[in-house]
Amino acid sequence: MNTHDLTLRQLLASRNARLAWLLLAAAIVLTVIAWQFSIRLVEDRTEARFQAQSQQLKTSIEERLLNYEQVLAGSAGLFAIAGSVSRQQWYEYIHNVDIDRYYPGIQGIGYVKRVTESEVAGHTASVRETGVPDYLVTPPGERPFYYPVVYLEPASEHNRTALGYDAFSDAKHRDAMVRSRDYGVPAVTARVVLVQEALQEDQAGFLMYYPVYQGGGVPATRAERRMMLAGFVFSAFRTNNLLDGIVGLIAPFLDVRIYDGGVVDRDNLIYGSNLGSLDNVFSFTTSQTLTHGGRDWLLQTRTTPAFDYLAADPRPPIVLGTGLVISFLLFVVVLAVTRSQLLARVSAGRYRAITEGAANVTLIMDEKGSPLYASPSSLDILGYQPNEIQALALQDFVHEEDWPRLRQGFKSALLAPGKQMPAIAVRVRDAFDLWRDMEGTYTAMLTVPGVNGVVLSLHDFTQLKAAQSQLHELAFYDPLTRLANRRLFRDRLDKAVSHSRRSGESAALMLLDLDGFKQINDTLGHDAGDELLCKVATWLRSCVRAEDSVARLGGDEFVVLLSRINSTNAVARIAETILSRLCQRVRLSGHEVGVTVSVGITMIPSDSEDPGALMKFADLAMYRAKESGRNTYQFFTPDMNIRAARHLLQQEELARALEEESFLLHYQPKFDLASENVVGVEALLRWQHPEKGVLPAQQFIDLADETGLIVRLGELALRQACIQIQALERAGFRDLKMAVNLSARQVLDPGFLDMLRQVITETGVLPEVLELEMPVALLNEDPQLLHTLLEPLNDLGICLLLDDFGAGAWSLAALQQLPFNVIKVDQRLIRDVPYSASVTDVASAVIALAQKLHLTVVAEGIETPHQLSFLKAAGCTQGQGNLFSYPLDEDALIGFLVRQHERSLIS
């Protein structure tokens, strides 16, 4: 009989009525017990569900933050590989990562660059040239370093408003950035309102910063990390966007609140689901601490009326039903529960089999493995219509090498009904005859109503695998030469050192630097330089064995790791082979250029077992090879380390002296040789050393040029000289000219012309009274570039003087093309006049050449009357030297000029 046709009258009239009454009596007693038990069971189950959802929510948030941290680590790796990343490269990388699809909640991924105060103008101009015309570093103000946002992708209208913003100026950002910089780890800011969200202050957010250091890896000490910091990559998050998806999926009916800093306060609230009761009534609550990126978040979850409603169970009220109808009610409840469970299982089974994973292809197969159903996603992913897959055998579009594993997985699923089998990697051929990388998981649901089959879920990760492969390539290999990069080579070096330590076998590390590569790059262009680097990489591979490693560290630096070397003689032979192979002439961009290389060698483990020390020792040996004439090799010796330490100490001492303004100027008068009247002075830099006294420029100027401090030191000397010439004018000496020495590095510095104009403007000096003395070696630079640099100086009325004329090798053609007004004969040509006939002839020829070029001739280093007589006879116009006056300080210079003036009045 159908249960729906059974009436109460029939049940009472049946022969089972007595048993029903007995059941009713027993049911009344059991009802009370079951009622109490069911109430407690529902409460415990509700609390367990609440705790499970709360814990799962915490775990999911932590996993998502960790995934986003890995995205930032990959972004930082891009800078470690490439050294510098263009806006287009940044766009392509972020586009490939596809954050909108795989990393919801990220407002954007960007790069913050550390810029010094002196670099702000040049930095702003360079960014504007890359397509951001309104780029500006904000907020304004003077500070030692700026950290503007240079790149931010996706480049939405809101995100573009953040470009140029110096987050370091904000305390919340600064705290995270300092923590990230000092410890080399990702760091999360406190609760902030994003710059690009300024009009939506109800939307809380935060940023995650990841440091990028110069040269790739994380420096060993905090001081080094502060010094080597290049910038930060960062992710900006809108908290609601980040967490709504997680909360909605895991705990849709819980009231979720997250407080920054672990303190419950309205100002610290960074996320609230706003699902709580207006009366603040809840059944259960719990608090958990989330720690990530140096910040503590307090995760507070509470039940809501909706949660309590869904967790409510109808059985306790039913158990309390009247005793007379308890059997019937129990039957109805059981029948209703059974019917509800059946319908729920049918719906859940169909939903799970068909819709699980939007990026999946879901197949339902019978016990023999024939497809019964294919999800509509098969058309988007594989290009097959669902009915096409049903008409094919699964073996028809699975790679023959993967089919046995997939078939075995099917059999294993049949033996474990309802259990999801481990994922199986397979290659599936799509409708376009292309192989796609997929993962398949089986679940046997033969007895599940609505499914009645074995479910195979195929997840497509073709694009993800390609992206991972590309990321691996970028992370470990140089994109230009295809050699191992610094990061991969460091790993190989670590393994070589460990092997040498265990086995006792020797190895060798060779650091190579191309001689004159910068000149090739500057004169023939970067394309020619890149072509040369690729050729060098090929040559190096041919010089070493298969078990040896060749890598490019960056620029024109290469490194070779020789494993299992018997002796230093064997290393020397390989070094000679490399020198012989690389020492040749090649044709680049239509020009034939010579290639040589300097090689530094250190032995493992005799020199050191520390990879960092080995790299340092090889570098020291390489520089010693350059000092020895280049195109040679040098083995590391301990005294090189001592010299390097002394050199570093001198650099630090010089930098500290510049910060403490321990430099001053002395002035040597310059005379007209015909009238012997003072016509000008030359500013000579001096270092007021606290221990050694006043040091002349010859003792520190090369070191300043090598370290780059010459640019700041030159600006200091120029400014003091301009101030001094103003003082001389006020003292009545208005016709004197002030000569200031410049190095080639100063003149070629991109900011030189702007600096010069600023100093002239600030000091009020007339450009006509300035003479800029430039080294003759500058003539070896590109003439067109020099003309571009010097012509504006000539237009200002500044006198351009070529120093050390007659010394070294230089281009006469370049001299004719450049706007020089004066040449100063090198004092080495004057020193032996008139005692050496050959030197005297050379000096005469040099002076005559300058006169033919219509240049004023100045001689320096005049110390004897014989030299003065020779110079007058040779036609030299002006001169200076100890014969006239030693270099004088400011007070002595005024006294000297006064005496000269009085002498001229008497005569």
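Together, Phe253, Tyr309 and Leu310 make up an exposed nonpolar region whose accessible area comes to about 360 Å². Looking at the element boundaries, Tyr309 is found in helix α10 (residues 305-311). Looking at Tyr309, the relative accessible area reads 67%, which means it is exposed.

Let's shift gears to the pattern of salt bridges. Considering all chains together, one arrives at 24 salt bridges under this definition. With its nearest N and O atoms 2.5 Å apart, the salt bridge here joins Arg719 to Glu762. Of this pair, Arg719 sits in helix α24 (residues 710-730) while Glu762 sits in helix α26 (residues 752-763); the two residues are 43 residues apart in sequence, bridging distant segments of the chain. Note on Glu762: relative accessible area 48%, which makes it partly exposed.

Moving on to the sheet that holds strand β9 (residues 269-272). Spatial strand order, β9-β8-β11-β10: four strands in an open sheet with antiparallel pairing. In this open sheet, the two edge strands, each paired with only one partner strand, are β9 and β10 (285-292). Looking at each pair of strands side by side, their axes are set apart by 20 degrees on average, direction ignored. Across three bridges, strand β8 (residues 254-260) lies against β9 in antiparallel orientation. Of the residues in β9, the one forming a bridge with Arg257 is Gly272. Packing of helix α9 (residues 239-250) onto the sheet brings it into contact with β8 and β9, and relative to β9 it is tilted by some 40 degrees.

The next thing to look at is the nonpolar core. Phe663, Leu772, Met774, Phe820 and Leu871 are the most contacted members of the largest nonpolar core, which has 80 residues in total. Among the elements that make up this core, the one with the highest residue count is α24 (nine residues). Excluding its chain neighbours within four sequence positions, the residues that come into contact with Phe663 are Leu654, Ala657, Leu658, Leu685, Arg686, Trp687, Phe700, Leu713, Leu716 and Gln720. Core analysis: the second largest hydrophobic core is formed by 74 residues, Phe168, Leu194, Leu207 and Ala311 among them.

Inspection of the entire model under this criterion finds 22 aromatic pairs. Relative to Phe237, the ring of Tyr68 has its centre 5.5 Å away and its plane inclined at 10 degrees; by these criteria the two rings are stacked. Linking Tyr68 in helix α2 (residues 17-82) with Phe237 in strand β7 (residues 229-238), this pair joins segments that are 169 residues apart in sequence. Accessibility classification places Tyr68 together with Phe237 in one group, the buried group. Joined through ring pairs, the aromatic side chains of Phe79, Trp90, Tyr93, Tyr111 and Tyr151 make up one cluster. A cation over an aromatic ring shows up here: Arg114 above the ring of Phe145, its NZ or CZ 4.6 Å from the ring centre. Sitting above the plane of the Phe168 ring, Arg174 keeps its charged end 5.9 Å from the centroid.

In this model, helix α32 (residues 890-906) (17 residues) spans 25 Å end to end at C-alpha, consistent with the 24 Å of a helix rising 1.5 Å per residue. In this structure, the buried side of α32 is in contact with β24 (663-672), β25 (678-689) and α24.

Read from one edge of the open sheet, five strands run β18-β19-β17-β22-β23, paired in mixed fashion. The open sheet has two edge strands, β18 (549-554) and β23 (633-635), and neither has a second partner. The average undirected angle you get between the axes of adjacent strands in this sheet is 20 degrees. Taken together, the three bridges between strand β22 (residues 597-604) and β23 define a ladder with parallel strand orientation. Across the sheet, residue Val599 finds its bridge partner in β23, namely Tyr633.

Turning to helix α31 (residues 865-874), a few remarks are in order. Listing the buried residues of α31 in full gives Gln867, Leu868, Phe870 and Leu871. Relative to the axis of α31, the buried residues are bounded by an arc of 165 degrees and lie together on one face. The exposed residues of α31 that point more than 90 degrees off its buried face are Pro865 and Ala873. Where the residues of α31 are buried, they touch α29 (828-831), α30 (837-852) and β31 (856-859). Positive phi shows up at Gly875, right after α31, with a value of about 95 degrees.

This part takes up the packing of helix α19 (residues 526-543) against helix α20 (residues 568-582). Pairs of packed helices are described in terms of their axes, by the angle between the two and the distance that separates them. For the pair α19 and α20, interaxial distance at closest approach is 10 Å and the crossing angle is 145 degrees. The chirality of how α19 crosses α20 is right-handed. Counted together, Val536, Trp539, Leu540, Ser542 and Cys543 of α19 and Ile574, Thr577, Ile578, Arg581 and Leu582 of α20 form the full contact between these two elements. The residue inventory of the contact of α19 with α20, partitioned by class, reads seven nonpolar, two polar and one charged.

This paragraph deals with the environment of Tyr210. Inspection of the secondary structure puts Tyr210 in strand β6 (residues 205-213). Counting along the chain gives 34 residues from Tyr210 to Ala176, while the straight-line C-alpha distance between them is 9.5 Å. When residues no more than four places from it in sequence are discounted, the contact partners of Tyr210 are Leu72, Ala73, Ala76, Ser180, Pro186, Gly231, Phe232 and Val233.

What counts and how
Residues numbered from 1 in each chain as written. Predicted model: local features only at pLDDT ≥ 70, side-chain atom pairs only at ≥ 80, totals over all residues. Heavy atoms only, no water. Patch = residues over 30% accessible without salt bridge, like charges linked within 9 Å, V, L, I, M, F, W, Y side chains within 5 Å. Areas by Shrake-Rupley, 256 points an atom, 1.4 Å probe, with all protein chains shown as cover. Salt bridge = Lys/Arg side-chain N within 4 Å of Asp/Glu carboxyl O. Helix = DSSP H or I, 4+ residues; strand = E, 2+ residues; numbered from the N terminus. Buried < 20%, exposed > 50% of the residue type's maximum accessible area, 1.4 Å probe, protein only. Pairing = 2+ DSSP bridges. Axes fitted to C-alpha atoms, helices over the stretch in contact; angles between N-to-C directions. Contact = heavy atoms within 4.5 Å. Core = buried A, V, L, I, M, F, W, Y, C linked by side-chain atoms within 4.5 Å. Phe/Tyr/Trp six-rings, centres within 6.5 Å; stacked < 30°, edge-to-face > 60°. Lys NZ or Arg CZ within 6 Å of the ring centre and 35° of its normal. Expected span 1.5 Å × (residues − 1). Arc of directions from axis to C-beta. Left-handed = near helix turned anticlockwise from the far one by under 90°. Nonpolar A, V, L, I, M, F, W, Y, C, P; charged D, E, K, R; others polar.

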